[in-house]
Amino acid sequence: MTIPPGLVEGFTTLYGTPPTGVWSAPGRANLIGEHTDYNNGLVLPFAIDDRTWCAARVNGTGVVSVASTAQPTRHAVAIADLDQARFEGWSGYALGVAWALHASGHDLSRAPGVDILIDSTVPLGAGLSSSAALESAVAVTLNDLWELGLDRMALAKAGQLAENGAIGAPTGIMDQVASLFGQADHAVLLDCASLSTRAVPLSLERSGLALLVIDSTVKHAHADGGYASRREACEKGARAMGVPFLRDLTVADLAKAEAILDDETFRRVRHVVTENARVLDTVETLASSGPEAIGELLLASHASMRDDFEISVPEIDLAVETAMEAGAVGARLTGGGFGGSAVALLPATQVHNLTELVHAAASDRGFATPAVLIVTPSEGARRDQ
Ligand code: GLA
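These numbers come from a predicted model, not from an experiment.

*Asks:* Any chance you could break down the environment of Glu205 for me, citing the residues and the numbers?
*Replies:* Considering the arrangement of structural elements, one finds Glu205 in helix α6 (residues 204-207). Here the alpha-carbon distance between Glu205 and Pro347, two residues 142 residues apart in the chain, equals 9.8 Å.

Written out as structure tokens, the structure reads:
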């Protein structure tokens with residue numbers, strides 16, 4: 001995907017001088033491993049081809065200023081005032097990264113102000129991490145313009161801290177890692193305990209398969225209560241089981257968990273423990289038998305999110321069922337849940353057919369028409385110009 005037409009010119013019009021560079025970072029979809037990241041567990045997301053772009057240059061003012069091609073009003077924060085800064089709206093995800101770099105101890109006392117103009121093709125509120133795409137794009141921009149020399153994991157941590165501390169969404173680190181570490185035709189296996197990453201080949205083209213995202217258009221937001229309450233249930237379950245994180249439990253511990261936990265907490269715990277196991281199974285199955293063999297794991301993950309973690313919605317369940325009836329290999333909710341998108345793995349020849357069936361099924365049930373898009377596992381954050 002190339003730099004959006006008009007971004008560089010738009011920057012020049014807004015700030016009166018051309019940018020010195022353009023940087024970008026992608027959204028992500030998660031193949032498997034949901035609500036495992038903040039439990040120190042395993043995730044297997046991939047970066048998608050939709051990206052968020054930053055045209056930027058250093059200014060002479062000590063102020064970081066952001067605007068977007070969609071909303072050209074400038075939002076700004078003085079670097080010297082980052083300690084007291086309060087953030088609101090979309091610009092908080094961008095300016096929050098400057099705050100997070102400061103809050104995590106990087107010396108910005110000599111950092112110059114920066115002007116940024118943002119453009120994005122990542123759909124908002126679809127569960128494709130438009131927020132992490134924005135944070136990661138700003139993080140690579142500031143890292144270069146401020147010559148911080150930070151590695152990608154440090155930038156992912158800054159993005160997560162922006163989301164947690166500046167926005168107030170208690171999310172894990174999966175989305176930022178996917179956006180920063182993505183590679184074409186690969187998923188990123190992240191172990192959230194060690195923060196080690198490994199690129200896992202997907203070999204989609206060779207297998208004649210495609211990945212589709214079915215956006216229910218039911219809006220989700222992680223600063224709302226559902227995500228936080230799931231996280232609290234996981235922490236409660238870990239405490240009761242006497243472990244620091246649910247990652248420290250295995251399937252063999254579930255009998256004890258069932259005996260000592262209330263039914264709801266047990267089901268939350270069972271989702272996380274079995275989901276970690278499914279991530280490992282998926283990685284092994286991809287290596288031994290290719291993507292055509294992971295369908296059962298995707299479906300088991302969806303059932304676990306629907307029945308045990310209770311984060312699906314009828315629109316997403318219908319999309320998964322319809323995808324399977326239309327010949328998909330597997331399908332599941334992707335992302336935080338409570339709306340957002342499903343991801344389906346299917347023969348590339350079935351994309352058109354599946355799209356039509358998903359639209360018809362939604363219409364029959366009186367649901368909003370889902371937006372269906374082919375996603376291509378793509379390269380992570382980069383400097384484009
Ligand atoms: C959101 C969060 C992630 C992760 C997923 C669920 O996308 O931002 O950190 O917890 O939900 O897997």
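*Asks:* Quick rundown of the site of the ligand? Include the residues and the values.
*Replies:* The full set close to the ligand counts 13 residues, and Glu34, His35, Asp37, Asp175 and Tyr227 are the nearest of them. Here an oxygen atom of the ligand and a side-chain polar atom of Arg28 are 2.8 Å apart. A distance of 2.5 Å is found between an oxygen atom of the ligand and a side-chain nitrogen or oxygen belonging to Asp37. Bound to the protein, the ligand loses 99% of the 310 Å² it would expose on its own. Of the residues assigned to the shell around the ligand, the class counts are 3 nonpolar, 6 polar and 4 charged.

*Asks:* Requested: an account of the pairing of strand β3 (residues 63-68), with residues and values cited.
*Replies:* Where a strand is regular, its side chains alternate between the two sheet faces. Burial runs high along β3: 5 of the 6 residues are buried. Both β3 and strand β4 (residues 75-78) contribute to a ladder of 4 bridges, which runs antiparallel. Looking at β4, one finds that Val66 is bridged to His75. Where β3 folds back on β4, the antiparallel hairpin that results is connected by 6 residues.

*Asks:* Explain the sheet that holds strand β9 (residues 330-334) to me, using residue names and the numbers behind them.
*Replies:* Read across the open sheet, the 4 strands follow the order β9-β10-β8-β11; overall the sheet is antiparallel. Two strands bound the open sheet, and with one partner strand each, they are β9 and β11 (371-375). Going across the sheet, the axis of each strand differs from the next one's by a mean of 25 degrees, ignoring polarity. Sheet topology places β9 next to strand β10 (residues 341-347); 5 bridges connect them, and they run antiparallel. Bridge pairing in β10 places Gly330 opposite Leu345.

*Asks:* Tell me about the side chain of Ser136, and name the residues and values.
*Replies:* The residue Ser136 is located in helix α3 (residues 130-145) in this model. Not counting residues within four places of it along the chain, the set of residues in contact with Ser136 comprises Ala25, Gln176, Ser179 and Leu180.

*Asks:* Describe the nonpolar core, with residues and values.
*Replies:* The biggest cluster of nonpolar side chains holds 47 residues, and the ones touching the most others in it are Ile116, Ile118, Val138, Leu142 and Trp146. Apart from residues no more than four positions distant in its own chain, Ile116 is found in contact with Phe11, Tyr15, Cys54, Ala55, Ala56, Ser65, Val66, Ala67 and Val138. Counting 36 residues, the second largest nonpolar core, distinct from the first, contains Cys234, Leu246, Leu254 and Leu261.

*Asks:* With reference to specific residues and values, describe unusual backbone geometry.
*Replies:* Backbone phi values are negative for most residues with the exception of glycine, while trans is the configuration of most peptide bonds. Residue Glu147 is not a glycine yet carries a positive backbone phi of 50 degrees. Among the secondary structure elements, Glu147 is positioned in the loop between α3 and α4 (152-167). Here Glu147 falls in the exposed class, since its relative accessible area comes to 71%. Phi is positive for Thr217, which is not a glycine, with a value near 65 degrees. Within the secondary structure, Thr217 is located in the loop between β8 (209-215) and α7 (225-241).

*Asks:* Quick rundown of the packing of helix α11 (residues 314-325) against helix α12 (residues 351-364)? Include the residues and the values.
*Replies:* One way to put it is that α11 packs onto α12 with a least axis distance of 9 Å and a crossing angle of 140 degrees. One way to sum up the angle between α11 and α12 is to call them oblique. Crossing handedness for the pair α11 and α12: right-handed. On the side of α11, the interface is formed by Leu318, Thr322 and Ala323, while α12 contributes Leu354, Leu357, Val358, Ala361 and Ala362. For the contact of α11 with α12, the residue count by class is 7 nonpolar, 1 polar and no charged.

What counts and how
- Residues numbered from 1 in each chain as written.
- Predicted model: local features only at pLDDT ≥ 70, side-chain atom pairs only at ≥ 80, totals over all residues.
- Heavy atoms only, no water.
- Helix = DSSP H or I, 4+ residues; strand = E, 2+ residues; numbered from the N terminus.
- Near = heavy atom within 4 Å.
- Polar contact = N/O pair within 3.5 Å; in protein donor to acceptor, adjacent residues only side chain to side chain.
- Areas by Shrake-Rupley, 256 points an atom, 1.4 Å probe, with all protein chains shown as cover.
- Nonpolar A, V, L, I, M, F, W, Y, C, P; charged D, E, K, R; others polar.
- Buried < 20%, exposed > 50% of the residue type's maximum accessible area, 1.4 Å probe, protein only.
- Pairing = 2+ DSSP bridges.
- Axes fitted to C-alpha atoms, helices over the stretch in contact; angles between N-to-C directions.
- Contact = heavy atoms within 4.5 Å.
- Core = buried A, V, L, I, M, F, W, Y, C linked by side-chain atoms within 4.5 Å.
- Parallel < 35°, antiparallel > 145°, perpendicular 65-115°, else oblique.
- Left-handed = near helix turned anticlockwise from the far one by under 90°.

That is the geometry; function is a separate question.
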